[in-house]
Structures are given as structure tokens and as C-alpha cells.
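# Working through the structure, step by step
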Amino acid sequence: MQLYHYPFTAMASPCELRLYGESQALAAAAAEAAKAEVIRIEQTYSRYRDDSVVGKINAAAGGDPIAVNEETCALINYATTAYTESGGLFDISSGVLREVWNFKLGQLPSPAAVAFCLKRVGWNKVHWEAPNISLQQGMELDFGGFGKEYAADRAAIICEEHGISYGLVELGGDIRVIGPHPDGSAWQIGIRNPRDPEVAVAVIPLKTGGLASSGDYERFMVIDGKRYSHILNPRTGRPVDKPMAGVTVVAPLCLLAGTAATVAMLQGEKAAPTFLNDLGLPHLWIDQAGMLGGDLVPH
Amino acid sequence: MRLVLLLLSLSGLAACAVEPVEAWERDFLARPEMAWDPDALGSSYRNHVHFSKEASNGGASAGGGGCGCN
Amino acid sequence: MSQNLKNKRALAALTSAALAIPGMSASVQAASVLTETVVQYKASAYREADLDSSKLSGGSLERYEIDTQQVRAQMPLGEKTDASIEFMYETMSGASPWFILPGQDGPVQVMSGATIHEERKDLQAKVNHLLNDKTVISLIAGVSDEKDYFAVNAGVEALYEIPDTQLTLTAGLGYSDDELEPTDGAILPDRIERATRDSTTAFVGLSQILSKTTVVQGSLTYSLQRGFLSDPYKKVWIDDQATTMNDSRPDDRNQFVAQARLRHFLPDLKAALHLDYRYFEDDWEVASSTIEAAWYQNLPGGWVFTPSLRYYTQSQAFFYAPYFFSARNDGFGSADYRLSPYGAISVKLRLEKRWQSFDLHAEWESYEASADYSLDSVDVENPALVEFDILSVGLNWRL
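Residues numbered from 1 in each chain as written. Chains lettered and ligands numbered in written order. Predicted model: local features only at pLDDT ≥ 70, side-chain atom pairs only at ≥ 80, totals over all residues. Heavy atoms only, no water.

This part takes up the interface of chain B and chain C. Listed per partner, the contact involves 55 residues of chain B and 98 residues of chain C. Both faces combined, the contact of chain B with chain C buries some 6300 Å², and carbon together with sulfur accounts for 58% of it. Scanning the region where chain B abuts chain C turns up 8 salt bridges. B:K53 serves as the salt-bridge partner of C:E48, at 2.8 Å between the closest nitrogen and oxygen. At the junction of chain B and chain C, the tally comes to 22 residue pairs in polar contact (both at pLDDT 80 or more). Elements represented by at least two residues in the side of chain B that touches chain C include exactly α1 (2-16) and α2 (40-53) of chain B. If you tally residues by element for the side of chain B that touches chain C, the top one is α2(B), at 11 residues. (Contact = heavy atoms within 4.5 Å. Buried area = accessible area lost by both parts, 1.4 Å probe. Salt bridge = Lys/Arg side-chain N within 4 Å of Asp/Glu carboxyl O. Polar contact = N/O pair within 3.5 Å; in protein donor to acceptor, adjacent residues only side chain to side chain. Helix = DSSP H or I, 4+ residues; strand = E, 2+ residues; numbered from the N terminus.)

The next point concerns a negative patch on the surface. Where like charges cluster on the molecular surface, the negative patch consists of C:E368, C:D372, C:E387 and C:D389. Looking at where C:E387 falls in the secondary structure, it is placed in strand β21 (residues 387-398). (Patch = residues over 30% accessible without salt bridge, like charges linked within 9 Å, V, L, I, M, F, W, Y side chains within 5 Å. Areas by Shrake-Rupley, 256 points an atom, 1.4 Å probe, with all protein chains shown as cover. Lys, Arg positive; Asp, Glu negative; His and termini not counted. Charge placed at Lys NZ, Arg CZ, Asp CG, Glu CD.)

Attention now moves to the interface of chain C and chain A. On the chain A side, the residues contacting the 24 residues of chain C number 27 residues. For the chain C and chain A pair, buried surface summed over both sides reaches about 2200 Å², with 65% attributable to carbon and sulfur atoms. Inspection of the chain C/chain A interface yields 0 salt bridges. Counting across the chain C and chain A interface gives 2 residue pairs in polar contact (both at pLDDT 80 or more). Tallied by class, the residues present in the side of chain C that touches chain A amount to 11 nonpolar, 10 polar and 3 charged. (Nonpolar A, V, L, I, M, F, W, Y, C, P; charged D, E, K, R; others polar.)

All right, on to the packing of helix α5 (residues 147-161) of chain A against helix α6 (residues 254-279) of chain A then. Two packed helices can be described by the angle between their axes and the distance between those axes. All names here are of chain A. α6 packs onto α5 with a crossing angle of 160° between their chain directions and a minimal axis gap of 7 Å. Taken together, α5 and α6 sit at an angle that is classed as roughly antiparallel. Crossing geometry of α5 relative to α6 is assigned as right-handed. On α6, the residues that touch E149, Y150, A152 and D153 of α5 are C254, L255 and G258. Of the residues contributing to the contact of α5 with α6, the split by class is 4 nonpolar, 1 polar and 2 charged. (Axes fitted to C-alpha atoms, helices over the stretch in contact; angles between N-to-C directions. Parallel < 35°, antiparallel > 145°, perpendicular 65-115°, else oblique. Left-handed = near helix turned anticlockwise from the far one by under 90°.)

Residues and elements named next belong to chain A. Read across the sheet, 8 strands follow the order β1-β2-β6-β7-β10-β15-β16-β17 without closing on themselves; strand pairing throughout is antiparallel. With partners counted over all chains shown, the strands left at the sheet margins are β1 (2-10) and β17 (292-293), one partner each. Its contacts with the sheet put helix α1 (residues 24-45) on β1, β2 (13-21) and β6 (167-171), and the angle it makes with β1 is roughly 20°. The strands touched by α6 within the sheet are β7 (174-179), β10 (210-215), β15 (246-251) and β16 (283-286), with β10 carrying the most contacts at an inclination of about 45°. (Pairing = 2+ DSSP bridges.)

So, on to the packing of aromatic side chains. Working definition: an aromatic ring pair is given by the centre-to-centre distance plus the angle between the planes. Residue and element names in this part refer to chain A. Scanning all chains against the criterion turns up 16 aromatic pairs over all chains. Seen in terms of ring centroids, F143 and F146 are 5.2 Å apart; in terms of plane orientation they differ by 40°. Their pairing is tilted. Of the residues examined, F143 reaches a relative accessible area of 3% and is grouped as buried. Taking the relative accessible area as the measure of exposure, F146 reaches 1% and is therefore buried. (Phe/Tyr/Trp six-rings, centres within 6.5 Å; stacked < 30°, edge-to-face > 60°. Buried < 20%, exposed > 50% of the residue type's maximum accessible area, 1.4 Å probe, protein only.)

With that settled, consider the pattern of salt bridges. All names here are of chain A. On inspection of all chains with the given rule, the structure shows 45 salt bridges over all chains. Notably, a salt bridge pairs R176 with D153, separated by 2.8 Å at the nearest N-O pair. On the criterion of sequence distance, the pair formed by R176 in strand β7 and D153 in helix α5 is long-range, its members being 23 residues apart. With respect to class, R176 is no different from D153; both count as buried.

Residue and element names in this part refer to chain A. Segmenting chain A into domains produces domain 1 (2-44 + 148-293) and domain 2 (49-141). Using only C-alpha atoms to locate each centre, domain 1 and domain 2 end up separated by 23 Å. Across the contact, 25 residues belong to domain 1 and 26 residues belong to domain 2. Roughly 2300 Å² is buried in total at the junction of domain 1 and domain 2, and carbon and sulfur atoms are behind 70% of that figure. (Domains from an automatic or database assignment.)

To continue, consider α5(A). Residue and element names in this part refer to chain A. Relative to the 21 Å expected for 15 residues at 1.5 Å per residue, α5 spans 21 Å between its end C-alpha atoms, a close match to the ideal helical length. Counted residue by residue, α5 has 13 buried out of 15 residues, so it is predominantly covered. Where α5 ends, the next residue or the one after it, G163, has phi of about 85°, a positive value. (Expected span 1.5 Å × (residues − 1).)

With that settled, the discussion passes to the side chain of A:R154. Residue position: A:R154 is located in helix α5. Since its relative accessible area comes to 11%, A:R154 is described here as buried. There is a polar contact of 2.9 Å between the side chain of A:R154 and the side chain of A:E37. Excluding residues that lie within four positions of it along the chain, A:R154 makes contacts with A:E37, A:I41, C:G23 and C:M24.

What follows concerns the sheet that holds strand β3 (residues 66-67) of chain A. All names here are of chain A. If you trace the 3 strands from one edge of the open sheet to the other, you get β3-β5-β4, paired in antiparallel fashion. Strands with a single pairing partner mark the edges of an open sheet, and in this sheet they are β3 and β4 (127-129). Strand direction decides the pairing type here: β3 and strand β5 (residues 132-134), joined by 2 bridges, are antiparallel. Each bridged residue has a counterpart across the sheet, and for A67 the counterpart in β5 is N132.

This part covers the pairing of strand β12 (residues 214-227) of chain C. Residues and elements named next belong to chain C. Of the pairings in the sheet, the one linking strand β11 (residues 195-211) to β12 comprises 14 bridges and is antiparallel in character. Among the inter-strand pairings, G205 is bridged to a residue of β12, identified as S219. Where β11 folds back onto β12 in an antiparallel hairpin, the turn is made up of 2 residues. Pairing geometry for β12 and strand β15 (residues 252-266), over 13 bridges, is antiparallel.

So, on to α2(B). Residue and element names in this part refer to chain B. Taking 1.5 Å of rise per residue, 14 residues should cover 20 Å, and α2 covers 20 Å from first to last C-alpha, within 8% of that figure. Within the sequence span of α2, burial applies to L41, G42, Y45, R46, H48, V49, H50, S52 and K53. Regarding α2, its N-cap is D39, as a side-chain oxygen of that residue lies 3.4 Å from the backbone nitrogen of L41 further along.

Another point: empty space enclosed by the protein. Under the definition given, this model contains 4 cavities of 30 Å³ or more. By volume, the second largest cavity is sized at about 110 Å³. Around the second largest cavity, the lining comprises 14 residues; the ones closest to its centre are A:V263, A:F275, A:L279, C:A10 and C:L14. Elements with a minimum of two residues in the lining of the second largest cavity: α3 (70-85) and α6 of chain A together with α1 (3-19) of chain C. Ranked by residue count, the leading element in the lining of the second largest cavity is α6(A), at 6 residues. Across the lining of the second largest cavity, the residue classes tally to 10 nonpolar, 3 polar and 1 charged. (1 Å grid on protein atoms, 1.4 Å probe; cavity = no way out; pocket = protein on both sides within 12 Å on 5 of 7 lines; lining within 4 Å. Points joined across faces, edges and corners; volume = space filled by probe spheres on them.)

Laid out in C-alpha cells, this is it:
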């Protein structure tokens with residue numbers, strides 16, 4: 001059996017399928033189907049497309065409810081559960097905060113602007129009674145917080161359905177394993193240092209399940225020597241004070257790993273280690289000082 | 001009947017050794033070669049052969065009829 | 001509630017919400033119906049070894065040959081229902097054991113003189129319906145037709161996954177109504193012209209997932225047969241009268257089966273182990289044990305090699321003897337080798353090649369029955385015990 005690589009770009013991220021196949025034709029057929037699924041999810045849930053489900057829900061804000069299909073219902077239910085279980089930290093309606101926290105401008109918004117914006121944030125303000133959803137005027141949903149992880153899980157399942165038993169799916173750093181290498185050995189997943197992305201701080205062996213990371217290395221601004229992360233707390237409307245530099249979680253599904261990592265980032269440096277320990281999922285964190293923690297720390 | 005008691009005690013023993021297996025961890029169990037009868041035609045053929053050549057038959061099925069086997 | 005427990009509960013809630021997404025765990029749901037159409041074909045050649053000439057007193061040495069063809073199609077009927085239909089056609093020829101005479105060096109078999117040529121057609125249909133995501137209900141119906149035999153059967157089965165456990169409960173009820181019209185029954189004065197029998201079967205089973213790689217199942221089956229259960233083509237030698245009488249058996253039979261099965265997957269070897277044990281007993285005093293082990297070895301290139309071994313041992317029916325010195329008081333008597341005490345060993349090898357929507361396989365089985373293989377000590381071996389080989393080839397096609 002041969003290992004085939006299929007790099008592609010989706011969800012604004014570099015993606016790759018690594019599949020072991022009996023033949024190139026079989027692996028290619030699986031890769032095509034998996035890629036098509038990732039692109040389908042991207043197009044269905046993109047907030048940038050007017051014709052996407054999310055685009056339509058957002059466009060109808062303040063108007064009549066929109067009825068959604070079974071898949072979208074289940075995803076919204078998942079987001080609702082994540083909102084409840086995280087005490088409101090995981091909130092798919094928090095995207096509008098980016099309007100006031102424009103990291104490219106390098107300017108802090110006024111407290112009044114933040115307060116005004118916060119009125120348009122909050123999953124509890126959304127009227128959701130499956131299959132009908134209606135947003136209040138000015139609100140917006142964003143599935144970006146879990147869409148990529150969901151797509152990784154789906155792509156792996158599609159590959160399995162195409163007879164692939166060994167391989168992995170990576171969508172912009174979020175990983176779902178289809179199966180280990182054919183000899184049974186684990187995939188070695190390198191975790192980047194948020195402060196120095198070229199250097200791996202740890203290598204995590206993964207035979208099954210998913211892995212997802214969240215960090216503040218992607219977008220931030222420094223004003224008066226203070227670093228403002230792009231991790232925005234939907235409860236305060238402000239960047240999380242002292243978030244972890246990065247959190248990586250391993251879970252049976254990439255979706256669960258992603259949600260756990262996102263919520264841990266929103267918890268801040270102090271609360272995150274306890275939260276992650278209590279959750280019981282294998283994890284790794286790096287704090288602002290570059291210290292490593294969690295049960296996946298290399299010995 | 002002794003064997004039945006043995007079976008029951010074995011299943012009791014098994015119940016103590018159960019390890020929780022979540023739905024997404026059942027991929028090995030869902031493999032075709034892990035089915036109770038992976039080859040439907042093969043098992044109905046063999047049941048028929050053994051039925052006609054041995055005194056015993058049956059077990060956990062409500063299907064099938066007799067035959068005038070010699 | 002402690003923070004710890006709260007977070008554990010949070011994970012459980014998220015997990016179940018994630019698994020509720022359609023297509024997230026579709027491949028691992030146990031209670032499900034088929035989503036694709038599968039067509040299967042199998043051809044088998046069954047060859048019984050000739051009788052040892054030292055054990056033969058009259059008739060043909062040549063025993064049974066059966067050529068069987070089977071076709072099966074299973075297809076989805078909507079989202080909650082699937083159906084399967086299976087057709088079997090076989091042609092049989094050969095001579096069959098008639099009765100046994102006492103001989104100088106033990107009993108000798110008298111075979112039926114004429115070579116029998118027969119055919120059998122059997123049609124079975126099954127519909128599975130998903131009542132909810134935990135419950136499947138199945139209806140079964142079938143007919144089997146031979147020149148001298150006609151049977152119809154019907155049954156119902158149910159499968160229920162007990163929520164929040166790793167247990168699956170199965171139960172079923174089946175009924176078969178059989179009619180015999182033995183060849184030459186209208187001509188031969190001592191052969192029955194027409195007879196009927198029926199059989200009712202009930203079973204319960206429980207399967208338990210023990211780990212990610214192991215599942216076990218236990219089941220209990222009870223079956224009651226009523227009517228003409230004798231073999232119209234067989235006779236029994238009564239020595240003191242120097243004559244034969246017809247094979248004669250009680251007109252009811254209560255059967256009881258306990259079965260235990262295990263399936264274990266070895267991920268490192270990519271192999272599956274099957275272990276099956278069956279205990280059988282009935283009120284004819286037949287008790288038997290069957291042990292079967294199979295090893296499904298996945299090999300590179302989509303090949304699966306499966307060696308398997310089966311051991312069978314049974315005790316005799318209370319009215320069985322190779323021949324009788326004098327007739328039994330109850331009037332029963334049978335010299336049928338199938339009711340004699342013996343054991344049997346069979347070896348089977350199977351090679352399968354899987355493609356994306358297509359599988360091909362070939363199988364060879366060799367079966368030998370002998371008094372030496374019996375767990376009990378056997379005084380006199382029935383001379384008609386069978387030895388046979390089966391060669392099968394088959395294909396599965398997923399549309």
C-alpha cells in the first residue's frame with residue numbers, strides 16, 4: 001500500500017489529505033470526494049456568501065424566521081450546547097465584535113462603541129426553535145469557530161466510506177485521523193510554537209481521533225506595549241485578558257477538540273489549565289511566557 | 001442444562017469486564033469480517049448441509065424451512 | 001456540583017450533540033438498514049466420498065452429489081426499510097442409505113438400489129424495518145419445493161439496542177409447515193403416501209460489546225416439531241424376524257439450543273477471530289456440541305484469507321440402533337446415521353479478494369464424520385457416516 005498526498009486550499013487555509021490506498025486511482029477517488037465535501041461545507045456555511053445558509057440567515061436578521069435543513073439544525077444544536085456548557089464563552093454570534101476590534105487599524109475602540117456592539121451579540125438573543133431561526137436586527141452568525149473542524153471530521157468519514165483505512169485529514173492545522181500507518185504506528189503531529197511558528201514545541205503521536213489547536217499567534221495588536229489578542233470574549237466584548245499563547249486538544253472528533261481548544265483560549269491563562277484537566281481530554285498549552293503544560297507535554 | 005448455567009455465568013462474568021465503547025469507537029466492530037455471519041449465502045448453505053447430515057440444527061434464527069433430505 | 005464534574009458533563013453533552021450531526025457517525029451505528037444494493041452469487045459442489053466397499057452389502061457405492069446455485073439481492077426500500085431475497089437451486093443425485101444388516105465383521109450398509117435424481121428450489125425473503133434508531137423489526141417468509149417435499153415458512157424477528165448500555169437484545173418466532181409426498185408412496189404398500197409435519201421455533205439472544213474490539217452474544221432457542229418425523233425412504237433390520245420395518249420415530253420432538261459466539265478484532269494483525277459454541281439437546285435424547293473457530297486475516301492488496309475449523313459431536317437418539325435383535329416395545333426404531341453417535345471434524349479454507357464494489361471468493365471444505373471423533377465411546381459405528389468435500393466460488397457486487 002502506498003501513501004498519497006493531496007494538498008489543496010480551502011477555508012482560507014492550506015489543507016492536505018494523506019491517504020494510503022491500494023492504488024492511486026482508489027486514493028484519488030477518495031481524495032476527490034473528501035475535497036468536494038470540504039468545499040461543500042465551506043460554501044454552505046460561509047458568512048461571505050449571500051447564497052450560503054449562514055448568508056441567508058444573516059440577511060434575514062430582524063425579519064422572518066428561516067427554516068434550515070437537518071444538517072444545519074444539528075450544527076446549530078451543537079453550537080447551542082457549546083454555548084450553554086461553556087457558560088456563554090463559545091458563541092457563534094460573537095463575530096460582529098470584529099467590527100469594533102479592527103486589528104489592522106491598531107486603535108482601541110471606545111468603551112461606548114464596544115457596549116453598543118455587544119447589544120448585537122449573544123446566542124441567548126437568537127430565536128432558535130428547530131428548524132426555524134431568526135436573528136435580531138444587526139446580529140450575525142459565524143460558523144468559522146467550528147466549521148473547519150467539522151469539515152475535517154466529515155472528510156475523514158468520506159475517505160473511510162471510500163475504503164481508506166489508513167490516513168489523515170489536515171485542514172489548516174486541524175487534524176482528523178482516518179487510521180494509523182498501515183503498520184499500526186501513529187502519525188507524528190508537530191505542534192508549532194505560537195511565538196516561533198517555524199519551530200515545533202512538541203510532537204504528538206496520534207493513531208485515531210482528532211486534534212485541534214487555537215492560539216493568539218494569528219492576529220493581534222500591540223498598543224502602548226500591551227498585546228491585544230484576537231480572542232474576543234463574547235461576554236465582555238473585549239479581548240481575553242492574558243489568554244494562553246496556544247492550546248492543543250486531542251479528542252475522538254476534531255470538532256470536539258476544536259471546541260475545547262477555543263473555550264480554553266477564552267478562559268484565559270489562569271483558568272485554562274484547570275478547565276482542560278477537568279475536561280479529561282489529552283491536551284497541551286503554552287502560556288505567554290512560553291511555558292508548556294498539560295498531559296501531552298513531552299518528557 | 002449444566003451448560004446453560006455455564007453460559008449464564010460466563011455472560012455474568014462478561015458483564016463485569018465491560019469497557020465503555022462510544023459510538024465513534026466502534027469502527028473495528030463495524031468491519032465486515034466482524035459480523036456474526038459475514039457471508040449470508042455461505043451460512044445459509046452450510047446450515048442447510050449440516051441440517052441434512054446431522055441430528056442437530058437451529059440457533060438464534062426464525063428463518064428457514066425443512067427439507068426432505070436423504 | 002464540582003467544577004470537575006461539570007466539565008465532564010459538558011464534554012458528554014458536547015459529544016452527544018456532535019454525534020447527533022447526520023453523517024458524523026453514520027458508519028458506526030449498529031441499528032441501521034442498508035443504504036446500498038448488494039447482489040451475491042454462489043455456486044457450490046458437494047461431493048460425498050464413496051462408501052467403503054467392505055461396509056457395503058447391497059446397492060450402489062456411489063453416494064450423494066449436490067450442485068447448488070444461490071443468488072441473493074439485498075436492497076434499501078426507502079430510508080427505514082431494506083429487503084433481501086435469496087434463491088437456492090440444487091440438483092442432487094446418488095444413492096442413499098436404506099438399512100443396515102449385521103455382518104461377519106460388523107454391520108454392513110444396504111444402499112437404495114436406484115440412483116436418485118432430484119432438484120430442490122428454495123426461496124426466502126426478509127424485510128427489515130427500522131422502527132426508531134434503536135429498534136429493527138424483520139419479517140421472514142419462504143417456500144421450499146422438491147418433487148416429494150413442499151415447505152412454507154414464516155417468521156418475525158426483532159432487534160433492540162438497549163439505551164445507555166452496550167447490549168443488543170434479539171428475539172424471534174418462526175413457523176414452518178411441511179408436506180411430504182414420498183416417491184412411489186402410492187405404489188409401494190409399505191410406504192406412506194402423504195404426510196405432514198410442522199415446526200415452531202422461538203429464540204432470544206443478547207449481545208454485549210465488551211471493548212472496542214470484542215463483542216459476544218448468547219442465545220437460547222426452543223423448537224418443537226410435530227407430525228411425521230420418520231424418514232419414509234429408510235428401513236430398519238429386525239434380526240429375530242429376519243425382516244425389515246419402516247423407520248419409525250416419535251411424532252413430536254422438543255429441541256433446545258444454547259449458543260455463545262465471540263468476535264474479536266486484532267488491530268495490529270488486522271485480523272478477526274470468530275469463536276462459536278452451540279449446545280443442542282432434545283427429548284429424543286440427542287445431545288450435541290459444536291465448536292467452530294475462524295480466523296479472518298486481512299492481507300495486503302485487498303485479500304482476506306480465512307481458515308476455519310469445526311468440531312461436532314453428538315449422542316444417539318434413544319430409539320436408534322444399526323439393527324435390532326428384536327423389535328422395540330414402543331414400536332420406534334431407526335438406523336439413520338444422523339441419529340447415531342459420532343463426531344465430525346471439518347476444515348475450511350476461504351480466500352477472498354475485495355475491490356471497491358466487487359468481491360470474489362473461493363472456498364473449500366472437507367468434512368469427515370467418524371465414531372472415533374465422538375466424545376462418548378461408541379460400541380458400533382454406523383457404516384453410513386458421511387465424508388464430503390465442498391468447493392464453492394462466489395461473488396458479491398455492491399451497486
